[in-house]
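Here is how the chains run, residue by residue.
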Amino acid sequence: MVELTADRTTPRYLSRGEITFTVRVSGPSLTGTATATFYDPAGHAIQGPIHATLSGQRLTPQTAENLPRGHRDMVNSYSITSVFPCLSGGCPHPSM
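Residues numbered from 1 in each chain as written. Predicted model: local features only at pLDDT ≥ 70, side-chain atom pairs only at ≥ 80, totals over all residues. Heavy atoms only, no water.

## Section: the confidence of the model for the protein
Basically, it comes down to this: In predicted models, pLDDT denotes the confidence assigned by the predictor to each residue on a 0 to 100 scale. Numbered from the N terminus, helices here are DSSP runs of H or I no shorter than four residues, and strands are runs of E no shorter than two. Here, two residues are considered to be in contact whenever any of their heavy atoms come within 4.5 Å of each other.
On average, residues of the protein score 77 in pLDDT, and 64% of them reach the 70 mark or higher. For the protein, the element scoring lowest by mean pLDDT is helix α2 (residues 85-88), at 48; strand β2 (residues 13-26) scores highest, at 91. This stretch, residues 92-96, has a pLDDT under 50; its non-local contacts, to residues over four places away or in other chains, come to 12 contacts.

## Observations concerning the environment of Ile19
Short version of the rule: Burial classes: relative accessible area under 20% of the type maximum marks a residue as buried, over 50% as exposed, and values in between as partly exposed (1.4 Å probe, protein chains only).
Along the chain, Ile19 falls in strand β2. Residue Ile19 is classed as buried on the basis of its relative accessible area of 10%. Distance from Ile19 to Ile50, taken between C-alpha atoms, is 9.2 Å for residues 31 residues apart in sequence.

## Some points on the environment of Ala45
On the secondary structure map, Ala45 appears in strand β4 (residues 45-58). When the C-alpha atoms of Ala45 and Gly17 are compared, they prove to be 9.4 Å apart, with 28 residues separating the residues in sequence. Setting aside residues up to four positions removed in sequence, Ala45 forms contacts with Thr37, Phe38 and Tyr39.

## Section: the environment of Ala6
Inspection of the secondary structure puts Ala6 in strand β1 (residues 2-6). Measuring from C-alpha to C-alpha, the distance between Ala6 and Arg16 comes to 9.2 Å, with 10 residues separating the pair along the chain. Apart from residues no more than four positions distant in its own chain, Ala6 is found in contact with Pro11, Arg12, Tyr13 and Leu14.

## Regarding the pattern of salt bridges
Put simply, the rule is: Each salt bridge in this description consists of a side-chain nitrogen of Lys or Arg and a carboxyl oxygen of Asp or Glu lying within 4 Å of one another.
Using the criterion set out here, one finds 1 salt bridge in the structure. Ionic pairing is found between Glu18 and Arg16, a salt bridge with its closest N-O pair at 2.9 Å.

## What to know about unusual backbone geometry
Of the consecutive residues Gly48 and Pro49, the connecting peptide bond is found in the cis state with omega at 10°. Inspection of the secondary structure puts Pro49 in strand β4. Unlike most non-glycine residues, Pro11 shows phi in positive territory, near 45°. Locating Pro11 in the fold gives a position in the loop between β1 and β2.

Structure follows, in structure tokens:
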């Protein structure tokens with residue numbers, strides 16, 4: 001997956017993030033890994049690689065009952081329970 005970051009006020013291109021996922025599905029469970037590397041406009045790595053472990057469970061009609069009303073159509077998709085703990089824990093984004 002590629003993530004592009006732009007300055008909201010000038011639409012100037014700031015950075016590119018490349019995220020690779022390896023996912024294994026076994027019955028209702030999902031496990032895997034992810035790696036992310038961020039690059040400046042010149043293509044030089046500015047952060048990463050950042051590694052993460054993924055885990056999740058298939059949403060079933062029974063588990064979907066606990067979701068907000070607008071999300072109940074997500075039955076048979078997966079709920080991922082951990083992705084890039086460093087990024088969600090407040091690590092600085094490369095464009096900041």
